[in-house]
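Letter by letter, the chains look like this.
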Amino acid sequence: MSNQTSAQPDDYKIKDTKPQLGERWPHGGVRGGGGWISSERVTSTYDLVEQMYYLYVRVVKARDLPPNPVTGSCDPYVEVKLGNYKGKTQRFEKKTNPEWNQVFAFSKEKIQSSVLEVFVRDREMVTRDEYLGKVVFDMNEVPTRVPPDSPLAPQWYRLEDRQGQSKLKGEIMLAVWMGTQADEAFPESWHSDAASVQGEGVYSVRSKVYVSPKLWYLRVNIIEAQDVESQDKSQLPQVFVKAQVGNQILKTKLSPTKTTNPFWNEDLIFVAAEPFEEQLVLTVENKASASKDELVGRISLPLHIFERRLDHRAVHSRWFNLERFGFGVIEGERRKELKFSTRIHIRACLEGAYHVLDESTMYISDQRPTARQLWKQPIGILEVGILSAQGLLPMKTKDGRGTTDAYCVAKYGLKWVRTRTILESFSPKWNEQYTWEVYDPCTVITLGVFDNCHLGGNEKPSAGSGPGRDSRIGKVRIRLSTLETDRIYTQSYPLLVLQPSGVKKMGELQLAFRFTSLSLTHMIYLYSRPLLPKMHYLHPFTVSQLDSLRYQAMNIVASRLGRAEPPLSKEVVEYMLDVDSHMWSMRRSKANFFRIVSLFSGIISMSKWLSDVCQWKNPVTSVLVHVLFCILICYPELILPTIFLYMFLIGVWNFRFRPRHPPHMDTKISWAEAVHPDELDEEFDTFPTSKPQDVIRMRYDRLRSVAGRIQTVVGDMATQGERFHALLSWRDPRATSLFVIFCLCAAISLYVTPFKIVALVTGLYLLRHPRFRSKMPSVPSNFFRRLPSKADTLL
């Protein structure tokens, strides 16, 4: 186990932070009192992050640049220099009036120079780049712009020589201003923090907002086929249909009989994403022998031709003619000879009333149906300020030293956000704020921190992360229903990751977030509604179908977001969507087992207390229980009110001890601190396994022993249920006779005797003193244990 595992438990807890949130006037100026900007628009956009200042330089275009006397052309680019930081625009070939329209942002914290220099140069292939001129700005003269002021208008500046004494030919259009991260230019700018990134890596450093593709369930009901012929004319075909959409392949069962007109009426469900790039490919195949399938015919159908349904009404079915194998374009003449064609009858539709699950329902962040017209109004707004991370560990080595290039990804609903990457910092400060509409409070936002391995430098990933894969630094989940409305939470969350060596704290993530309610009545009403759209309950999928569809949906989301610019890599999407949560893990099984045990602990402690009362361990308590019991028997109408009053008082008492923080990753509940190293090694093993045979044998035997215990518990529960059933099923005629006669006697006795007397006698019998008790089991218990169960019939 790693040393980190034996760290103080406090290290794994949420800590309160006190960041200076909100926008302030630069240079500490006052507006609206206390230095806070009171403009409604500003405070609602960037009030959950600490303000950061940047010097922005917008390089728009140049004109009348002098051509090179030798080549007669000009390949201009602009270099913006501030102290040690240099940013370059792209280079144009043979243009004397280039347009760049690029923005450079220099962090104010790191500015060490009093002048900003903007150079225009002509790229030379052989000799040094030729100097065409420069413009110099004094840092004290740069104006400040705070949104919602409109953007600063760029101006034309004449180029100067190296000494700055005389004007040269050519002009450049620039805008220079001091602003904050709330500026519209911020997301697209070149940042001095990432000055060392070159080439394609520049795109992967910027902050971006992504939208998940719109997913649909495609339901294909294969009804029947007509005129199916096998290649061997002497035998009737026995066929099945194979349907394919992209990488998803499903098959119907074999037709029950050998016939030329087979009938199936089977539903096949696929996941499809807009825009529909794949087609539905149907292939009819004949089971010629146990090992051989003959192709009878196929057809490709574009998905947009299918009806989109918004409820469970029936969809029209259609016949389609199949293209035959062997009669394609090449043999066009022979196609005309065919008198008839094999036809297939299908009913297909795109389901708009389901929510396509791409994440586990336990951590669901969205439950709206696919069709937009079925969406309700949002009930709240979630604002999240991703402030910074503290104490990150080195994730890779660069030039022989450990380094981390961290960025944060947040996912809620269809919207994914990615902060910019802060290079070579163990305490990156992002201070970026994002907003989501909330449609259901019982949803979860997931935030993950990653190390960027796509910068194109000479980094070597640390052990455990594959080549060029962004490695996980940690994850935070926040369930919105655990938040108070309109309260700003400012907390530091531990970033915990389970590694083959044990649980490890990788650092802390500082967040500020607020959940604002738009309609309290609507939110309270939602607590009475089902979590998923009603189609999930009217026409539910099977558990195995749901698992397979969720896996397909995750693959589609990962591949589509991987095609964005910059791509959100597959390993990031999989980690955020908990792709491996269904895999077997000894640790997880133990965690779930102890969760069940802790659930029953309340009932067990209650039964222990009752047993102590019955055993007269504390005579005063036993006497008080007798008194309360007698009062309730005399006034039975008080029983239910007393129970509800007791629950009310418990609820009011627990209010004082209510949690003040949202819940977070708990290493104790996850069973991550006490896990055996071999169990961790098993959890991190590939699927299928890559371990040697003796290790697999040992693990298999351990799995058998655990499964054997589970099997025994499940069997015992089934046995008790079957014994209840056997009371009246006459499997044991003597036992059932006795029970039936007992029921008749009990019915007559209870009819004659007042209920109060029966309850009083029963209660006093159960509360009797130990000296009146026998060590032997009671008669009802003996009778129940003697009843037969179906265990006798098991092989």
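Residues numbered from 1 in each chain as written. Predicted model: local features only at pLDDT ≥ 70, side-chain atom pairs only at ≥ 80, totals over all residues. Heavy atoms only, no water.

## Observations regarding the overall build of the chain
In terms of helices and strands, the chain carries 14 helices and 32 strands. Taken over C-alpha atoms, the radius of gyration comes to 36 Å for the chain, far larger than the 28 Å a tight globule of 795 residues would show. Taking the principal axes of the C-alpha coordinates as reference, the chain spans close to 120 × 95 × 60 Å. Residues classed as buried in the chain amount to 43% of the 795 residues present. Taking contacts inside the chain between residues at least 6 apart in sequence as the whole, the part at least 24 apart equals 71%. (Helix = DSSP H or I, 4+ residues; strand = E, 2+ residues; numbered from the N terminus. Rg over C-alpha atoms; globule rule 2.2 N^0.38 Å. Buried < 20%, exposed > 50% of the residue type's maximum accessible area, 1.4 Å probe, protein only. Contact = heavy atoms within 4.5 Å.)

## Observations regarding the nonpolar core
Ranked by size, the top nonpolar core spans 69 residues in total, and within it Trp416 and Leu447 carry the most contacts. The element contributing the most residues to this core is helix α5 (residues 543–561), with seven residues. Ranked by size, the runner-up nonpolar core spans 29 residues in total, among them Ile222, Leu268, Leu282 and Leu303. (Core = buried A, V, L, I, M, F, W, Y, C linked by side-chain atoms within 4.5 Å.)

## A few points about the sheet that holds strand β28 (residues 444–451)
Reading across the sheet, the five strands line up as β11-β26-β25-β28-β30 and stay open at both edges, with antiparallel pairing between neighbours. Both outer strands of the open sheet, β11 (208–211) and β30 (471–479), are each paired with one neighbouring strand and no more. Ignoring strand direction, the axes of neighbouring strands in this sheet form an average angle of 15°. Relative to β28, strand β25 (residues 406–412) runs antiparallel, the two being bridged by six bridges. Its bridge partner being in β28, Tyr407 is matched across the sheet by Phe450. (Pairing = 2+ DSSP bridges. Axes fitted to C-alpha atoms, helices over the stretch in contact; angles between N-to-C directions.)

## A few points about the pattern of salt bridges
Pairs can form between side chains of opposite charge once their charged atoms are near each other. Per the counting criterion, the structure on display carries 35 salt bridges. Note that Glu117 is salt-bridged to Lys134, the shortest N-O span being 3.8 Å. You can see Glu117 sitting in strand β6 (residues 115–122) and its partner Lys134 sitting in strand β7 (residues 130–138), a full 17 residues away along the chain. The same class applies to Glu117 and to Lys134, which are both buried. With a shortest N-O distance of 2.8 Å, Glu574 and Lys570 are connected by a salt bridge. On the criterion of helical spacing, the pair formed by Glu574 and Lys570 is a turn pair, its members being four residues apart in helix α6 (residues 570–576). Accessibility expressed as a relative area gives 22% for Glu574, which makes it partly exposed. Judged by relative accessible area, which is 45%, Lys570 ranks as partly exposed. Three or more residues joined by partner-sharing salt bridges are found here, namely Arg219, Asp267, Arg309 and Glu351. (Salt bridge = Lys/Arg side-chain N within 4 Å of Asp/Glu carboxyl O.)

## Some words on a nonpolar patch on the surface
Taken together, the side chains of Ile596, Leu599, Phe600, Ile603 and Ile604 define a hydrophobic patch exposed on the protein surface, amounting to about 520 Å² of accessible area. With respect to the helices and strands, the residue Phe600 is situated in helix α7 (residues 586–614). Residue classification places Phe600 among the partly exposed positions, given a relative accessible area of 45%. (Patch = residues over 30% accessible without salt bridge, like charges linked within 9 Å, V, L, I, M, F, W, Y side chains within 5 Å. Areas by Shrake-Rupley, 256 points an atom, 1.4 Å probe, with all protein chains shown as cover.)

## Things to note about the packing of helix α8 (residues 619–634) against helix α13 (residues 755–766)
With their axes 9 Å apart at the nearest point, α8 and α13 run at an angle of 165° to one another. Considering the angle they form, α8 stands roughly antiparallel to α13. The hand of the α8/α13 crossing is right-handed. Contact residues: His626, Phe629, Cys630, Ile633 and Cys634 in α8; Lys756, Ala759, Leu760, Gly763 and Leu764 in α13. (Parallel < 35°, antiparallel > 145°, perpendicular 65-115°, else oblique. Left-handed = near helix turned anticlockwise from the far one by under 90°.)

## Some remarks on the sheet that holds strand β32 (residues 502–517)
Overall, antiparallel pairing links the five strands, which are arranged β1-β31-β32-β22-β27 in an open sheet. With one partner strand each, in any of the chains shown, β1 (15–16) and β27 (429–438) form the two edges of the open sheet. Strand direction decides the pairing type here: strand β22 (residues 380–390) and β27, joined by eight bridges, are antiparallel. For Gly380, the partnering residue across the bridge sits in β27 and is Val438.

## Looking at the pairing of β30
Judged by how many residues are buried, β30 sits mostly within the fold: seven of nine residues are covered. Bridge count between β28 and β30: eight bridges; the pairing is antiparallel. Bridge pairing in β30 links Phe450 to Arg472.

## With respect to the side chain of Glu432
Mapping Glu432 onto the fold places it in strand β27. Overall, Glu432 belongs to the buried group, its relative accessible area being 1%. Looking at Glu432, its side chain comes within polar contact range of the side chain of Arg420, at 2.7 Å. Apart from residues lying up to four places away in sequence, Glu432 is in contact with Val49, Phe186, Ser207, Val384, Gly385, Ile386, Arg418, Thr419 and Arg420. (Polar contact = N/O pair within 3.5 Å; in protein donor to acceptor, adjacent residues only side chain to side chain.)

## What to know about the packing of aromatic side chains
Overall, the coordinates contain 19 aromatic pairs when judged by the stated rule. Ring pairing ties together the aromatic residues Tyr54, Tyr56, Trp177 and Phe186, which thus form one cluster. A cation sits over an aromatic face here: Arg343 above Trp319, 4.3 Å from the ring centre. Here the basic side chain of Arg658 rests over the ring of Phe655, its NZ or CZ set 4.0 Å away from the ring centre. (Phe/Tyr/Trp six-rings, centres within 6.5 Å; stacked < 30°, edge-to-face > 60°. Lys NZ or Arg CZ within 6 Å of the ring centre and 35° of its normal.)

## Structural notes on unusual backbone geometry
At the junction of Glu274 and Pro275, the peptide bond is cis and its omega measures out at -10° in the coordinates. Summarising the element assignment, Pro275 is placed in the loop between β15 (263–273) and β16 (279–289). For the bond running from Glu565 to Pro566, omega is 0°, close enough to zero to count as cis. With respect to the element layout, Pro566 can be found in the loop between α5 and α6. Of note, the phi angle at Asn265 is positive, near 55°, even though the residue is not glycine. Structurally, Asn265 is set in strand β15. The backbone of Asp486 sits at a positive phi, close to 65°, despite the residue not being glycine. If you trace the backbone, Asp486 turns up in the loop between β30 and β31 (488–499).

## Considerations on the environment of Ser192
Relative to the helices and strands, Ser192 is located in the loop between β10 (190–191) and β11. On the accessibility criterion, Ser192 (4% relative accessible area) is buried. Residues Ser192 and Asp470, 278 residues apart in the sequence, show an inter-C-alpha distance of 22 Å. With residues near it in sequence (within four places) discarded, Ser192 still touches Tyr85, Ala105, Phe106 and Ser107.

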